[in-house]
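Structural features, examined
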Amino acid sequence: MFVVATAGHVDHGKSTLVRALTGMEPDRWAEERRRGMTIDLGFAWTTLPSGGTVAFVDVPGHERFVPNMLAGVGPVPAALIVVAADEGWMPQSAEHLAALDALGVAYGLLAVTRADLADPGPATAHARAEIAATSLGAVPAVAVSGLTGAGLPELRAALDRLAAQLPTPVVDDPVRLWVDRSFTVRGSGTVVTGTLGAGRLRVGDELELAGADEPVRVRGLHSLGEARAEAGAVARVAVNLRGTPRDRLGRGDALLTPGRFHHTDLVDVRLAGDPAADLPATLTLHVGSAAVPVRVRPLGPDTVRLRLARPLPLLVGDRALLRDPGRHHVSGGVRVLDVAPPPLGRRGAAAARAQVLAELDGRPDLAGELRRRRLVRSGALLRMGVPAQNGPAYAEPVAGDWLADPAHWRRLGEQLTEEVARHAREHPLEPGMPVDALRQRLALPDRVLVEALVRPPLRIHAGRVGAAGADALPEPVARAVQRVRAEYGDRPFRAPEADRLVDLGLGPREIGAAVRAGALLRLADNVVLLPDALDDAVRVLAGLPQPFTLSAARQALDTTRRVAVPLLELLDRRGATRRLPDDARIVVT
Ligand SMILES: Nc1nc2c(ncn2[C@@H]2O[C@H](COP(=O)(O)OP(=O)(O)O)[C@@H](O)[C@H]2O)c(=O)[nH]1
Ligand SMILES: [Mg+2]
């Protein structure tokens, strides 16, 4: 199937032509039929000579209903431009063409209708010249009469040729179905319709709806009036949603593949063509079937920042259109450059931003995004329309799903080394810098990034980052331990007295550091031995007649109760000795 939207001035015969081609009534409303004028979008379809199907989105031509027209053409990549032979090029011929041009529509066909009323030659020539100057370029033209049917076979053949030119839709892409109608079907509930431009929908699919917390589920699908289990792009589809009230959604909403779109109310865009210098400060942004008021902030010569009145699921590269509703005037097309732009707080930020935007063209640019964002989750980039794996462009996560600009990542690694060294200087007794303190110092959004930045000789131990020998002792403590060794090495079970420890500079913190480093053994507050004392003690005690008393142990070890009591208790805890009911002990062998 291919979908084509009509375009052209009111009363030039668009609906008549669709009716004549399809045998279906595009004007759905009683009021439209009574007034003989299209107000809202109409839908009809027919089989072409090739056997393919063309579906029409028939749009209103009246200037009052241009917003409806834009909702119809927004998601449709091909246009059937209709000009009446007897009236020629008219204001909404021009406005509709400007809209197609702004949206970058590249495929189209000219039908010069009412050819039974006047020579189609002049209207054809004028229209082709106008169209040739737009994104549509040179288009084929067919003269037709909806009244007599003249030219309809030629028009059908031309539609077939147009269909053959259209690019193949990407059915693997995520779904973004812009809703153009929503209504209630008795017994089925809410139904929405739209043009599925990419991706595939299946009954049972879960979809995301902007602003809804819960996913919505596809209960049924129709295309061309028939129920289907699935529909692939390009297609006109009607989607029956389970458990979604009708007032929850309408034209301008979008049904989305969950987790694949970033909802944004702030975008930086490039204006297409020759941007008017005096762009109004408020305009309406038309994209897909949505129309949202925006505030315009000029940045560069052809770039602006748009603040949207409500968030939309936009991607880098999206085309959209700005229109001044007061002046019935299409201000121009825009190309989305950034859907998550940085705030412009500082002085000079706007000028700097304009320079950045001057380099962007709306094509997803992985390396550029990494350079600008420095650190970003691959999922977040994907939701902006920038896949981490995109043809030859590929970024390996540095940790989890975090991607990093290589130069920034190197700088962070250097910064981490400096921070850890500084911390070691300022806190010589601590075994390294806590991971969370580092995370804050480096302003990193996730602990896993700190962990990934740690390289030998640094290492993570017990939630801290330090040199592999961070449990190596700071100089003064190491010297004090040396002194203990020198003074007590030959009487290993005599612990230094409290005032001797003070003399040596071994306060509680220094002792803590020495114990963590395995240089001292702490039996109790202010009772420390050299670490080999434990094994030596077991050897000495094993030489005693078993079981032995505390007093026997104290004598054999040549020490005091101050040491012997906690030493034996420690050996008990370690299972090297066992205390018997009568308080004597045996060495466990
Ligand atoms: N003579 C003649 N009248 C036509 C032709 N096409 C449309 N009309 C008439 O022109 C008027 C407007 O047609 P319509 O299809 O509603 O125009 P739209 O506003 O572009 O959809 C109607 O009265 C039609 O009957 C045609 O090819 N020949
Ligand atoms: Mg009409």
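The preceding data block contains the structure.
Structure report, in brief. (Residues numbered from 1 in each chain as written. Chains lettered and ligands numbered in written order. Predicted model: local features only at pLDDT ≥ 70, side-chain atom pairs only at ≥ 80, totals over all residues. Heavy atoms only, no water.)

**Thoughts on the site of ligand 1**
Formally: What makes a residue near a molecule or strand is one non-hydrogen atom of that residue sitting within 4 Å of it. Note on areas: Shrake-Rupley, 1.4 Å probe, and residue coverage restricted to the protein chains presented here. When residues are sorted by character, Ala, Val, Leu, Ile, Met, Phe, Trp, Tyr, Cys and Pro go into the nonpolar class, Asp, Glu, Lys and Arg into the charged class, and all the rest, Gly among them, into the polar class.
Taken together, 16 residues form the shell around ligand 1, and within it Asp11, Lys14, Thr16, Asp116 and Gly146 come nearest. Its free accessible area being 570 Å², ligand 1 has 79% of it covered by the protein chains. Considered class by class, the residues forming the shell around ligand 1 number three nonpolar, nine polar and four charged.

**Examining the coordination of the magnesium ion (ligand 2)**
For the record, the criterion: Coordination here is defined by N, O and S atoms within 2.8 Å of the metal (3.2 Å for Na, K and Ca), and since water is not considered, a site can look incomplete. Each helix is a run of DSSP H or I of at least 4 residues and each strand a run of E of at least 2, with the numbering of both proceeding from the N terminus. Accessible area is worked out with a 1.4 Å probe on protein chains only. A residue is then buried under 20% of its type maximum, exposed over 50%, and partly exposed in between.
Here the magnesium ion (ligand 2) is held by Ser15 (OG) and Thr38 (OG1), and the distances to it run 2.0 to 2.1 Å. Taken together, the residues Ser15 in helix α1 (residues 14-22) and Thr38 in the loop between α2 (30-35) and β2 (42-47) connect sequence positions 23 residues apart. According to the relative accessible area criterion, Ser15 is buried, its value standing at 10%. With relative accessibility at 9%, the residue Thr38 sits in the buried group.

**Describing unusual backbone geometry**
Along the chain, Ala233 connects to Val234 via a cis peptide bond; the corresponding omega equals -5 degrees. With respect to the helices and strands, the residue Val234 is situated in the loop between β13 (230-232) and β14 (235-242). At the junction of Gln546 and Pro547, the peptide bond is cis and its omega measures out at -20 degrees in the coordinates. Its identity is not glycine, yet Asp11 carries a phi of approximately 70 degrees, on the positive side. Of note, Asp11 is situated in the loop between β1 (2-7) and α1. On the basis of relative accessibility, which here comes to 53%, the residue Asp11 falls in the exposed class. Of note in this structure, Asp558 is not a glycine but carries a positive phi near 55 degrees. Tracing the sequence through the fold places Asp558 in the loop between α17 (550-557) and α18 (561-574). Accessibility expressed as a relative area gives 44% for Asp558, which makes it partly exposed.

**Some details on the packing of α1 against helix α6 (residues 152-165)**
Relative orientation and spacing of two packed helices are given, respectively, by the angle between their axes and the distance between those axes. Our working rule: Think of each axis as a best-fit line through the C-alpha atoms, taken over the contacting stretch in the case of a helix, with angles from 0 to 180 degrees between the N-to-C directions. When an angle is under 35 degrees it counts as roughly parallel; over 145 it counts as roughly antiparallel; between 65 and 115 it counts as roughly perpendicular; any other value is oblique. Contacts are assigned to residue pairs with any non-hydrogen atoms lying within 4.5 Å of each other.
Between α1 and α6, the least distance of the axes is 11 Å, while the angle of their chain directions is 85 degrees. Classified by the angle their axes make, α1 and α6 are roughly perpendicular. Contact with α1, carried on its side by Leu17, Ala20 and Leu21, involves Leu152, Leu155, Arg156 and Leu159 of α6 and no other residues of that element. Per-class residue counts for the contact of α1 with α6 are six nonpolar, no polar and one charged.

**With respect to the sheet that holds strand β27 (residues 458-461)**
For clarity, the threshold we go by: Two strands pair if DSSP finds at least two bridges between them.
Read from one edge of the open sheet, three strands run β26-β28-β27, paired in antiparallel fashion. Two strands bound the open sheet, and with one partner strand each, they are β26 (433-434) and β27. Summarising the sheet, β26 and strand β28 (residues 464-467) pair through two bridges and their orientation is antiparallel. Its bridge partner being in β28, Pro434 is matched across the sheet by Arg464.

**Digging into the sheet that holds strand β18 (residues 290-298)**
Strand order in the closed barrel formed by six strands is β16-β19-β18-β17-β20-β21, with antiparallel pairing between adjacent strands. Across the sheet, the mean angle from the axis of one strand to that of its neighbour is 40 degrees, orientation sign disregarded. Sheet analysis places strand β17 (residues 282-287) next to β18, joined by six bridges and oriented antiparallel. Within β18, the position partnered with Val287 by the bridge is Ala290. Docked against the sheet, helix α3 (residues 66-73) engages β17 and β20 (319-324), running at close to 180 degrees with respect to β20.

**What to know about the pattern of salt bridges**
Just so we agree on the cut-off: Salt bridges are defined by distance alone: a side-chain nitrogen of Lys or Arg within 4 Å of a carboxyl oxygen of Asp or Glu.
Taken as a whole and assessed by the stated rule, the structure comprises 39 salt bridges. Note that Arg200 is salt-bridged to Glu230, the shortest N-O span being 2.5 Å. Remark: Glu230 occurs in strand β13 and Arg200 occurs in strand β9 (residues 200-202); sequence separation between them is 30 residues. Through salt bridges with shared partners, a single network forms among Asp268, Arg305, Asp338, Arg353, Glu369, Arg372 and Arg373.

**Examining the nonpolar core**
Operational definition: For this analysis, a nonpolar core means a set of buried residues of the types Ala, Val, Leu, Ile, Met, Phe, Trp, Tyr and Cys, connected via side-chain atoms within 4.5 Å.
Grouped together as the largest cluster of nonpolar side chains are 55 residues, with contacts concentrated most on Ile81, Leu201, Val239 and Leu255. Top element by residues in this core is α3. It accounts for five residues. Those residues in contact with Val239, other than ones at most four positions away along the chain, are Leu177, Thr190, Val191, Val192, Leu201, Val218, Gly220, Leu221 and Leu255.

**As for the environment of Leu567**
Tracing the backbone shows Leu567 in helix α18. In sequence terms Leu567 and Leu285 are 282 residues apart; their C-alpha atoms lie 80 Å from each other. What Leu567 contacts, discounting residues up to four positions off in sequence, is Phe493, Leu523, Leu529, Leu534, Ala537 and Leu557.

**Concerning the environment of Asp86**
This is how the line gets drawn: Here a polar contact is taken to be a pair of N or O atoms separated by no more than 3.5 Å, where protein atoms must pair a possible hydrogen donor with a possible acceptor and residues adjacent in sequence count only if both atoms sit in side chains.
Among the secondary structure elements, Asp86 is positioned in the loop between β4 (78-84) and α4 (91-102). Residues Asp86 and His12, spaced 74 residues apart in sequence, show a C-alpha to C-alpha distance of 8.9 Å. For Asp86, the contacting residues outside a window of four places in its chain are Arg114, Leu117 and Ala118. Within the local environment of Asp86, its side chain forms a polar contact with the side chain of Arg114, the two groups lying 2.8 Å apart.

**Considering helix α7 (residues 349-358)**
What counts, and what does not: What the arc covers is the set of directions going from the helix axis to the C-beta atoms.
Taken residue by residue, α7 has Ala349, Arg353, Ala354 and Leu357 as its buried positions. Buried residues along α7 cover an arc of 140 degrees about the axis, so they all sit on one side. Summarising the geometry of α7, the exposed residues directed more than 90 degrees from the buried face are Ala351, Gln355 and Ala358. For α7, the secondary structure elements touched by its buried residues are β16 (263-271), β19 (303-313) and β21 (329-338).

**A closer look at helix α5 (residues 120-132)**
Rule in force here: Any helix carries an expected span of 1.5 Å times its number of residues minus one.
The first and last C-alpha atoms of α5 sit 18 Å apart over 13 residues, in line with the 18 Å expected at 1.5 Å per residue. Along α5, the residues classified as buried are Ala123, Thr124, Ala127 and Ile131. On an axial view of α5, the arc spanned by its buried residues comes to 100 degrees, and they lie on one face. In this structure, the buried residues of α5 make contact with β4, α4, β5 (107-113) and β6 (141-143). The opening residue of α5, the one whose side-chain oxygen lies 2.8 Å from the backbone nitrogen of Gly121, is Asp119.

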